[in-house]
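Structure assessment
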Amino acid sequence: MAAERDVQTMIDTAAETSSHEGARGLHYEENLLWEKERGDESGVDFPDIKGIDLRTGVPERGAIGLPQVSEPQVVRHFVRLSTWNYSIDHGFFPLGSCTMKHNPRLNEKVARFPGFAQAHPLQPVSTVQGALKLMYELQDILGELSGLPAICLAPAAGAHGELAGMMTIRRAHEAQGNTHKKIVLVPDSAHGTNPSTAAICGYTIKTIITKETGRLTVEAFKEALGDGRDVAGMMVTNPNTCGLFETDIQEISDLLHEAGGYFYCDGANFNALVGKIRPGDFGVDVMHFNLHKTFSTPHGGGGPGSGPIGVTEELRSYLPVPVIKNESGSYRIENERKESLGRLKGFHGQFGMHVRALSYILSHGADGLKQVAEDAVLSANYILSQLKDDYHVPYAGPCMHECLLTDKVQKEKGVTTLDIAKTLVEYGMHPMTVYFPLVVSGALLIEPTETEGKDSIDHFITVMKHIAEETKAGNTEPFHNFPVSTPRRRLDEVKAARHPRLRWKPE
Ligand SMILES: *Cc1c(COP(=O)(O)O)cnc(C)c1O
């Protein structure tokens, strides 16, 4: 009987299932390089140089405490450590809101073309016309995809784009003498970067309540807006962090505009809309793009991120610099503009990511990008349809590119969202996003993306069903202990955060 199965059997089942993805493989424990040193042996075997005068004038260097180990030891050390790092190249990585999609190798190849890879940001512009043309084309295409024609590519991540975007809005209000506008409206389900960005820009945050429906309602928005006199704008993600499209967004943005506020759209979920609809058409004034989410450039250890922003024609002059200009086929870098809020990033932003994103966009074409959004939404709805009877679904109906479940049913048997996530690790998969959005208790936010094949999605569904079935049968013990076959097991996360040991000291 299932109820009598012991812990070891379940651990073995996990091992069997996960080795399907090769997740157990050969695991090595790995100590620090310093701990590999033996006595005072040297890692280098050059003899001391005698009788030579230093010609550089630089003082002779003393010992700097590098570990004395051989080259093969160093290589193995870092290669082994690298195998501890789970990535999208290892396996399924359904981290909701983060869009961990495959990074096409074509983009990597193009980014390594010497003309792109070896260009120096201080080269005379006449010698980098091709690179500038690439940036100009990316600006142009992002403008077309979003319906926000003025683009600045410089911000280095989504959160940095939010800062650039909200500073653009602040700049516009200042130019119009709207200094009394001090409030920014943010839904309670928002990503943490939204309220923190508004706060850093000196705004007071007023929360729009969405808890009951998972969506913004005109009623709740009006409540938060009040007479709107002091409202500078709102920051809204669409589709939102519950994976739902904001169906009342047009009416809400009209009301906001009537009150003289600007609509900042957090574009992290743009991969659900790309090629289908344009945020500029539902009232967005400013938006950031996460090139490392929607447009497949690497992130999560392989970064850097890149967070260009787009704004309406009305706000163009307040954009940060630099912006690439095209003067009859001759490209230049606009580094100064009187109304601009100025510069937020060294040089021109993450140029290598601009190359990859444009490569992605052009290799997909208009029809391909539309299919990206459609397939991302299809994958998430497939998971939702398969798991809706096993897990609690807080907001009924189809979802967009990610689906939201909770641990409500499993928690009655003591199995929590954390246990479910840690069990997925045991089974060789990265967990989904957990406990976010904050408005949903025990949230499990799952984003498969369009690059995941049906086999791996089905494998994930099988494991999730297995967890639900064993929990129902009362076999919950292993779920509190997983993962057990990883190099590290459950950590005391509080202790790790409160008392981090950041420096190795010899015993
Ligand atoms: C990822 C994300 C951000 C922040 O983007 P970064 O590139 O990680 O700085 C903001 N909002 C939402 C909804 C996100 O998913």
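Refer to the structure presented above.
Figured I'd write up the structure that's included with this text. No experiment lies behind these values; they were computed from the predicted model shown. (Residues numbered from 1 in each chain as written. Predicted model: local features only at pLDDT ≥ 70, side-chain atom pairs only at ≥ 80, totals over all residues. Heavy atoms only, no water.)

On to the nonpolar core, then. By size, the foremost hydrophobic cluster in this structure holds 57 residues, and its most contacted members are Leu142, Phe221, Met234, Phe263 and Phe295. Within the residue set of this core, elements represented by two or more residues are helix H4 (105-111), helix H6 (129-146), helix H9 (218-225), strand S4 (231-237), helix H10 (249-258), strand S5 (262-266), strand S9 (330-334) and helix H11 (351-387). Taken domain by domain, the makeup of this core includes at least three residues from each of domain 1 (105-364) and domain 2 (372-497). When neighbours within four sequence positions are excluded, phenylalanine 221 is seen to be in contact with Leu185, Ile208, Met234, Ile252, Leu255 and Leu256. (Core = buried A, V, L, I, M, F, W, Y, C linked by side-chain atoms within 4.5 Å. Buried < 20%, exposed > 50% of the residue type's maximum accessible area, 1.4 Å probe, protein only. Helix = DSSP H or I, 4+ residues; strand = E, 2+ residues; numbered from the N terminus. Domains from an automatic or database assignment. Contact = heavy atoms within 4.5 Å.)

The ligand sits among Ser97, Ala157, Gly158, Ala159, Glu162, His191, Thr193, Asp266, Ala268, Asn290, His292 and Lys293. Glycine 158 is positioned such that a nitrogen or oxygen atom in its backbone is 2.7 Å from an oxygen atom of the ligand. For the ligand, an oxygen atom lies 2.6 Å from a polar atom in the side chain of histidine 292. Here the ligand, which alone exposes 380 Å², has 86% of that area covered by the protein. (Near = heavy atom within 4 Å. Polar contact = N/O pair within 3.5 Å; in protein donor to acceptor, adjacent residues only side chain to side chain. Areas by Shrake-Rupley, 256 points an atom, 1.4 Å probe, with all protein chains shown as cover.)

A word on the packing of aromatic side chains. The final tally for this structure, using the stated rule, is twelve aromatic pairs. A centroid spacing of 6.2 Å and a plane angle of 80 degrees characterise the contact between tyrosine 427 and phenylalanine 482, whose relative ring orientation is edge-to-face. Of this pair, tyrosine 427 sits in the loop between helix H13 (417-426) and strand S11 (433-434) while phenylalanine 482 is found in the loop between helix H15 (477-481) and helix H16 (493-498), placing the two residues 55 residues apart along the sequence. One exposure class covers both tyrosine 427 and phenylalanine 482, and it is buried. Every member of this aromatic cluster is reached through a ring pair, and the members are Phe113, Phe116 and Phe351. (Phe/Tyr/Trp six-rings, centres within 6.5 Å; stacked < 30°, edge-to-face > 60°.)

If you trace the three strands from one edge of the open sheet to the other, you get S10-S12-S11, paired in antiparallel fashion. At either margin of the open sheet sits one strand with a lone partner, and together these are strand S10 (403-406) and S11. The pairing of S10 with strand S12 (residues 443-446) spans four bridges and is antiparallel. Looking at S12, one finds that leucine 405 is bridged to leucine 444. The strands that H11 touches are S10 and S12; relative to S10, the one it contacts most, it runs at about 30 degrees. (Pairing = 2+ DSSP bridges. Axes fitted to C-alpha atoms, helices over the stretch in contact; angles between N-to-C directions.)

What is shown is where atoms sit, not what they do.
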